[in-house]
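# Working through the structure, step by step
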Amino acid sequence: MRYTGKYTEQISFPLGGIGTGCIGLSGSGRLVDWEIFGAPNKRSDNGYSHFAVKAEKAGKVTDARILNSDLPAPYMGDQKSGGIHSGFGFGPNASTMAGFPHFYSLEFTGEFPIAGINFRDSGFPGQISLTAFNPFIPMDSRNSGIPAAFFEFEIHNDTADDLEYTIAFAVQNPVGKKAVRNHFIKKKNRNFLCLECNEFPGDDYRYGNLCLATDQRTVSFQEYWYRGGWNDGIETYWHDFTTDRKFRNRSYEGEKSGAAQDQYDTGVLAAHLPVRQKESRKVRFVLAWYFPNMAKSWDTVYQNKSMAQVPVWKNYYATQYSSSWDCAEYSLKEFDSLFAQTFAFKQALHTSTMPKEAVDAISANLSTLKSPAVLCLPEGSFYGFEGCIDHFGCCEGSCQHVWNYAYALPFLFPDLQRSVLEREFDYSMRDDGRMGFRLQLPLGSPPQEFHACVDGQMGAVIRAYREWKISGDNRWLVRYWPKVKLALEYAWAETNEDKWDIGKTGVITGRQHHTLDMELFGANSWLEGFYLCALKAAAEMAEAMGETDKQQEYLSLYLRGKEWTDKNLFQGEYYGQKIDYREKALLEPYRGYRGENEGDILETYWNSEAGEIKYQLGEGCLIDQVIGQWHADNCGLGEIFDPEQAKKALGSIYRNNYISNMREFANPWRLYCLNDEGGVIMCSWPKGKKKPVIPITYNSETMNGFEYQVACHMLRAGMEAEAEEIVAAVRQRYDGYKRNPYNEIECGSNYARSMASYGLLLAYSGFQYDMIRKHMGFYPVNEEGRFFWSICQAWGTVEIDKKGVKLQVLFGKLTLKSFSCSAFAGQVVCLDRQISANEYLYLSFT
């Protein structure tokens, strides 16, 4: 997507590895959101850190400017700053560099995982463009987890003169103000400016270092800007940059650290390159970081305690690199290879045959994997928050019922996805099968003491099935099958405090905690769909494990539950909840059980004024009412709900819940959709249906992940126009002006549920997979097309036209025993082929 003018104002494109934190490349070219210190750090900068460029002719500077465009308004000052002589009423912070010459405008291209900027100014002698990225290579979690930002500038000299250009990279040392050590290292043709501090010991959560690096042969540098009071440092830097051909080093090695006003130190590394008239040259920089220790600072238990009492452990990347300059050296050495593979992925995804809004939704939300919403634990396992607030991860624990929706990770980095489920089974399960839906850190901490979550726990069973089918690893299933069974059978366990299916009927009717943070008390298709899907998945896994008695038990429950659900929960136009919420007695079996931050159940759920149970659906039309079928479609499980009824339900969601313009709609909840924007609300009560006085939580919100889910499902049900309208409506809300295209929000920034958008790729391509049987298939929405695919240990593209199918592997190796396609009229082609990287398989239809 291309952004110009005001549509660049909210952009912050995350540059960082999986589990490493990131730095944001703003729509004006600034480096913002420095989230590299083991926690979110929204709306932050790092002093005067910036890129600058100058042009010289015959040894004299002809032009010098910051590689930014105009700072977006307003210009009254930062309202959150607490300084005596800063903040609102003092104008923009000088560290934005907005007061220096800069480029008049720019064009920002964001095709995640690669960003591009074309800087524009008629007064500058030459054309400057930037390509920025961090490696994103499916199936290669190590190289996709490098703690660094990669930059490549291209300078085109469009003048009639030979010129020398300098690109300077200035970065503040953020580690401390005492015992600072900035030092330059040269290794062969690689140059490193290392910013470290000996103020903190190596096991302190504040310990760390940064490194600026370039492989440009001709460089100059200043280990330190001038130390002085007031603005002496930036004044001297600009003087040096605009009057001297090269920086003369300044070192305070061995001197007492800190400036007169106890300021942070800044260093600068500059690359110099002559460019002949009408020619172009490129220069690369890497900014690497190393903050090896993660502190559990987000836990409210520790909020009022000293940091010395907070658990600390190592980031995974700290086991791969010994310092930021170690990482920078590797990054420069492998720059070409890492970019080539990242570019190959980007091209494969972005040229897939889908509407541009769908490609945008899929790709932009992958950025969540590069945000501080995710961590990688010391042994390499993946851990995610739901999202991020300003300075903490929001809603910890790889929350089951949120990450259920995130279909990107299992297909792109299946090793990381399996590690999530493994930690849940190993650390979050009680002996009777009850799972805490939030994994507690450090690993080994007791499971969460709260209700188990129906959609989360049944989702764990479904994910086990999915991860088994994606990996093709029977040994993995053998290892975890006993716990998968426990998780499923907790539904009817006598120890289940919430009495989900205590009579073993195939229908969940007990107290049901769910992703909307409260409980339902009557049978409903939403959570029942998870149960049916889990039963069907478990039956297939039981068969593979040779447990035919369990297979029959689960299958019988599934069939009974499905028949009852289709007959009793379908209300003619959509599925609902079977409850009389005036019946106070429904709450009585759960009295005395106290949950987190919750009093007696009657106090919490009984509305004595209206004589109703609060937070229920009743006759409401819920966005997720047939989500069980969506999961089944994505995982290859077949029918969960009656197909005709499910399609009717999707039509009802579109008619009743999709609102194309929000101006006349009342929403007392969180505001993710405003004014003339459109979206799908969580729940509606069509005309003639009774709405509870206090209905289900969040009912009038529009939450992106849910909207993507229902749009994907509509695509598979043949409702292409409706699905595309919904997806376009969501992405129009993230247009770069109103919101950041690379930060879809729900409960905080970088919200994991939005990775449900990856399901659009599965739906448009009609992707089928079973790596146990080594089978792959494609059933595209429009029969023909070109699509990216990723499975097991390989990824590539498939091209389908009237003549045949070309399946190309771009990374890894793929072994296939069978292949199917809609154009084969139901026939399965038997194969016995291994296809390696840059090889392809061609099957003709003739």
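Quick summary incoming for the structure in this document. Computed from a predicted structure; not experimentally measured.

### Things to note about the sheet that holds strand 12 (residues 180–187)
The sheet built from 9 strands is open, its strands ordered 1-7-8-9-10-17-14-13-12 with antiparallel pairing. At either end of the open sheet lies a strand with only one pairing partner, and these are strand 1 (2–4) and strand 12. Ignoring strand direction, the axes of neighbouring strands in this sheet form an average angle of 15 degrees. By the bridge criterion, 9 bridges tie strand 10 (residues 148–156) to strand 17 (residues 280–290) in an arrangement that is antiparallel.

### What to know about helix 13 (residues 627–635)
Counting buried residues along helix 13, 8 of its 9 residues qualify, which places the element largely inside the surrounding structure. Looking only at helix 13, the buried set comprises I627, G628, Q629, W630, H631, A632, N634 and C635. Among the structural elements, helix 6 (408–412), helix 8 (454–471), helix 10 (525–544), helix 15 (704–716), helix 17 (759–765) and strand 34 (768–770) are those in contact with the buried residues of helix 13. The positive-phi residue at the C-terminal boundary of helix 13 is G636, with phi of around 80 degrees.

### A closer look at the nonpolar core
Ranked by internal contacts, the top residues of the largest apolar core, which has 234 residues, are F151, W789, L807 and F819. The greatest single-element share of this core, amounting to 13 residues, is contributed by helix 10. Among all residues touching L807, those that are not within four sequence positions of it are M776, F778, W789, T797, V798, L814, L816, F819, I835, E839, Y840 and L841. Among the nonpolar cores identified, the runner-up in size contains 16 residues, and A64, Y237, F241 and V268 belong to it.

### Focus on the sheet that holds strand 3 (residues 22–26)
As summarised here, the arrangement of the 3 strands in space is 2-3-4, forming an open sheet in which the pairing is antiparallel. Only two strands of the sheet have a single partner each, and these edge strands are strand 2 (12–15) and strand 4 (31–35). Adjacent strand axes in the sheet meet at a mean angle of 25 degrees, parallel and antiparallel pairs treated alike. In the sheet, strand 3 pairs with strand 4 via 3 bridges, with the strands oriented antiparallel. By the bridge assignment for strand 4, G24 is matched with V32.

### Brief notes about the pairing of strand 9 (residues 127–133)
On any regular strand, side chains alternate: one points to one face of the sheet, the next to the other face. Relative to strand 9, strand 8 (residues 114–120) is paired through 6 bridges, and the arrangement is antiparallel. Counted as the bridge partner of I114 is F133 from strand 9. Hairpin remark: strand 8 followed by strand 9, antiparallel, with 6 residues in the connecting loop; positive phi at G126, about 135 degrees. Note that strand 9 and strand 10 share 7 bridges and pair antiparallel. Bridged to A132 within strand 10 is F151.

### Overview of the side chain of S419
One can find S419 in helix 7 (residues 414–427). Looking at S419, the relative accessible area reads 6%, which means it is buried. Discounting chain neighbours no more than four positions away, the residues touching S419 are S381 and F382.

Conventions and cut-offs
- Residues numbered from 1 in each chain as written.
- Predicted model: local features only at pLDDT ≥ 70, side-chain atom pairs only at ≥ 80, totals over all residues.
- Heavy atoms only, no water.
- Pairing = 2+ DSSP bridges.
- Helix = DSSP H or I, 4+ residues; strand = E, 2+ residues; numbered from the N terminus.
- Axes fitted to C-alpha atoms, helices over the stretch in contact; angles between N-to-C directions.
- Buried < 20%, exposed > 50% of the residue type's maximum accessible area, 1.4 Å probe, protein only.
- Contact = heavy atoms within 4.5 Å.
- Core = buried A, V, L, I, M, F, W, Y, C linked by side-chain atoms within 4.5 Å.

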